[in-house]
Amino acid sequence: MSTYKSDFLNVLADRGFIHQLSEPAALDALARSSTVTAYIGFDCTAPSLHVGSLLPIMLLYWLQQTGHRPIALMGGGTTRVGDPSGKDESRRLLTGEDIDNNLKGIRAIFAKFLKFESAGGNAVMANNADWLNTLNYIDFLREVGRHFSINRMLAFDSVKLRLDRQQELSFLEFNYMILQAYDFVELHRRHGCVLQMGGSDQWGNIVNGIDLGRRLSNAQLFALTSPLITTSSGAKMGKTAAGAVWLNADQMSPYDYWQYWRNTEDADVARFLKLFTVLPIPEIERLAALKGAEINEAKKVLATEATALVHGRAAAAEAAGTARTTFEEGGLSANLPTVEFSRAELKAGIGVLAAFVKAGLAASNGEARRAIANNALMVNDVRVANDKAAIGESDLTAEGVIKLSLGRKRHILLKPV
RNA sequence: GGGAGAGUGUCCCGAGUGGCAAAGGGGGCGGACUGUAAAUCCGCUGGCUUACGCCUUCGUAGGUUCGAGUCCUACCUCUCCCA
């Protein structure tokens, strides 16, 4: 067990959130004696956050749960620059409009994990566009730029990697770390923020902020990074066939989200329970002790708890129920993802290929055809052997729907309207 | 400004003698085995088509050729060396 004196660091350490920590003793003492204000920055590069961002969100969650004050910083300004950390190539520049739209989608997530002032809590939502967009170039260079040594910046991994590999690093991106450092100091000024957290790839950026804070305001600031989470087989978290695992319900249904966690690898279950659920540690240890096929029970708990955090308890229970009827009872659950189509179309008869494309299970007729050749498509749990087969009214089940399946795991209901 | 090199299947890496829908990986998907796991093995991985076949694809635009990813010209982008 951990040796910290503060709840905050103890909880994080016990749950496996801590990778690197600057001045652990000093931060520990501070967290014990006062309310610590800490922030994490989030890029606005997509209209929703995905599971990759879940870990930092959980950091903020535990921060607040242990009596401190979280700031969720939207990167409305820095996203206009682009963080080169951990990336081989520069990203395409997003328009201001894109960024604003993305920001709206992302904001909603945080309310589910943090209590903001509007909800009677102390969490703060900030946007660095508020201070970055209006910076005066010369003033900024004189005030902030003079504290940065190019010699040292060139040694940072995010920069060095690009240079070593002879990959282009634009001046624009090169400035990212300066802006992030400035964010830290600005949040210190505005909100008394003394700690920046983030993924392990952010260590360099965060330390820059600490240095800048010392030079500009003689402030003592801290850094805490979380480990890079990969699955046991080495894959990055959050990628599936359909792409990223989104947190917004309109981009990924609670059912699919539940399924994502249900399919966790055995070796990851305990670790993920600690990181992505709020179950007490003893309970997690009990689940982690399960062996063989019993681990499936732990996976279901993981799926339901993780889904409940993002989509609510009711949606999680529904997803669990849908999965139970579909997989364990071999039945047909009306709560499976549903695609509607016209009754007239059904009367006329729909080709299987068209039906699977419409349901989103195949991207093209050709793909559907190949799936049939692979023995992968089923209509109402009956294998499709012929790509010329048609689906008609006679295929409606007693429930009035038609179940399309790709493989054993992916099911869609066609519903006539 | 001068010189050298690179851009390939819109997920990535990467081979490519003028006959190419284009080798091989990785990733992904499906099948078998299982526990909705991992590992392993097998299949698939441009669009349309029952099919013959047609269409689109190798940085962009032209050209040579029966035929161009491959040869020529110009342009764009990137890298390296010299100034």
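Residues numbered from 1 in each chain as written. Chains lettered and ligands numbered in written order. Predicted model: local features only at pLDDT ≥ 70, side-chain atom pairs only at ≥ 80, totals over all residues. Heavy atoms only, no water.

### Here we look at the protein's contact with RNA strand B
Here comes step 1: In the region of RNA strand B, 30 residues are neighbours, and N263, D266, S364, R370 and R408 sit closest.
Here comes step 2: Close to the protein, within 4 Å, the atoms of RNA strand B are drawn from sugar and phosphate at a rate of 68%.
Here comes step 3: The side chain of N263 places a nitrogen or oxygen atom 2.8 Å from a sugar or linking oxygen of RNA strand B.
Here comes step 4: With four residues, helix α19 (residues 365-373) is the largest single contributor of residues to the surface near RNA strand B.
Here comes step 5: Classifying every residue of the surface near RNA strand B gives six nonpolar, 13 polar and 11 charged. (Near = heavy atom within 4 Å. Polar contact = N/O pair within 3.5 Å; in protein donor to acceptor, adjacent residues only side chain to side chain. Helix = DSSP H or I, 4+ residues; strand = E, 2+ residues; numbered from the N terminus. Nonpolar A, V, L, I, M, F, W, Y, C, P; charged D, E, K, R; others polar.)

### Section: the sheet that holds strand β6 (residues 222-226)
Here comes step 1: The six strands lie next to each other as β1-β6-β5-β2-β3-β4, forming an open sheet whose pairing is mixed. The sheet is open, and its two borders are formed by β1 (20-21) and β4 (124-127), each paired with just one other strand.
Here comes step 2: Pairing analysis gives four bridges linking strand β3 (residues 69-74) to β4, with the strands arranged parallel. By the bridge assignment, I71 is partnered in β4 with V124. (Pairing = 2+ DSSP bridges.)

### So, the nonpolar core
Here comes step 1: Counting 99 residues, the largest nonpolar core has F110, M197 and W261 as the members making the most contacts within it.
Here comes step 2: Not counting chain neighbours up to four residues away, the residues in contact with F110 comprise F42, L49, I57, L60, A72, M74, F116 and M125.
Here comes step 3: A359, A362, V384 and L404 belong to the second largest nonpolar core, which has 24 residues in total. (Core = buried A, V, L, I, M, F, W, Y, C linked by side-chain atoms within 4.5 Å. Buried < 20%, exposed > 50% of the residue type's maximum accessible area, 1.4 Å probe, protein only. Contact = heavy atoms within 4.5 Å.)

### Here's the deal with the packing of aromatic side chains
Here comes step 1: Per the stated rule, a full pass over the model turns up nine aromatic pairs.
Here comes step 2: On the numbers, 6.2 Å between centres and 70° between planes, the contact of Y257 with W261 is edge-to-face. Here Y257 and its partner W261 are both found in helix α12 (residues 254-262), four residues apart, which amounts to about one turn of the helix.
Here comes step 3: Looking at Y257, the relative accessible area reads 0%, which means it is buried.
Here comes step 4: Among the aromatic residues, ring-to-ring pairing joins Y257, Y260, W261, F272 and F276 into one connected group. (Phe/Tyr/Trp six-rings, centres within 6.5 Å; stacked < 30°, edge-to-face > 60°.)

### Topic: the pattern of salt bridges
Here comes step 1: By the definition in use, this model includes 13 salt bridges.
Here comes step 2: Across the salt bridge formed by K300 and E328, the nearest N and O atoms sit 2.8 Å from each other. Residue K300 is found in helix α15 (residues 295-311), and its partner E328 is found in helix α16 (residues 313-328); the two are separated by 28 residues along the sequence.
Here comes step 3: Under the relative-accessibility criterion, E328 is labelled partly exposed at 49%.
Here comes step 4: Each member of the salt-bridge network shares a partner with another, and the members are E143, E186, R189 and R190. (Salt bridge = Lys/Arg side-chain N within 4 Å of Asp/Glu carboxyl O.)

### Side note on a nonpolar patch on the surface
Here comes step 1: There is a patch of nonpolar side chains on the surface, built from Y137, I138, L141 and F171 and spanning about 440 Å² of accessible area.
Here comes step 2: A per-element tally of the nonpolar patch places helix α6 (residues 137-143) first, with three residues.
Here comes step 3: One can find Y137 in helix α6. (Patch = residues over 30% accessible without salt bridge, like charges linked within 9 Å, V, L, I, M, F, W, Y side chains within 5 Å. Areas by Shrake-Rupley, 256 points an atom, 1.4 Å probe, with all protein chains shown as cover.)

### Notes on the sheet that holds strand β15 (residues 410-416)
Here comes step 1: Taken in spatial order, the five strands line up as β9-β15-β14-β11-β12 in an open sheet, and their pairing is mixed. Strands with a single pairing partner mark the edges of an open sheet, and in this sheet they are β9 (338-341) and β12 (382-383).
Here comes step 2: Here strand β11 (residues 377-379) runs beside β12; their pairing, made up of two bridges, is antiparallel. Counted as the bridge partner of M378 is R383 from β12.

### Description of empty space enclosed by the protein
Here comes step 1: All told, the structure shown has two cavities of 30 Å³ or more when counted by the stated rule.
Here comes step 2: Counted as a void, the largest cavity has a volume near 40 Å³.
Here comes step 3: As for the largest cavity, its lining consists of H147, F148, R152, N208, D211, L212 and R215.
Here comes step 4: Among the elements that line the lining of the largest cavity, the one with the most residues is helix α11 (residues 203-217), at four residues.
Here comes step 5: Here the residues of the lining of the largest cavity sort into two nonpolar, two polar and three charged. (1 Å grid on protein atoms, 1.4 Å probe; cavity = no way out; pocket = protein on both sides within 12 Å on 5 of 7 lines; lining within 4 Å. Points joined across faces, edges and corners; volume = space filled by probe spheres on them.)

### Considering the environment of D268
Here comes step 1: Along the chain, D268 turns up in the loop between α12 and α13 (269-276).
Here comes step 2: On the basis of relative accessibility, which here comes to 0%, the residue D268 falls in the buried class.
Here comes step 3: In this structure, the C-alpha to C-alpha distance between D268 and A288, residues 20 residues apart in sequence, is 9.7 Å.

### What about helix α1 (residues 7-15)?
Here comes step 1: Buried within α1 we find F8, L9, N10, L12 and R15.
Here comes step 2: In the stretch just after α1, G16 is the one whose phi turns positive, near 85°.

### Points about the pairing of strand β5 (residues 195-199)
Here comes step 1: With four of five residues buried, β5 is to be regarded as a mostly interior element.
Here comes step 2: Here two bridges tie strand β2 (residues 37-42) to β5, and the two strands are oriented parallel to one another. The partner of Y39 across the bridge, within β5, is Q196.
Here comes step 3: Looking at chain direction, β5 and β6 are connected through five bridges and run parallel. Bridge pairing in β6 links G198 to T225.

### Focus on unusual backbone geometry
Here comes step 1: Not every positive phi belongs to a glycine, and E23 is a case in point at roughly 45°.
Here comes step 2: The residue N218 is not glycine, and still its phi comes out positive at about 55°.
Here comes step 3: With respect to the element layout, N218 can be found in the loop between α11 and β6.
Here comes step 4: Judged by its relative accessible area of 66%, N218 falls in the exposed class.

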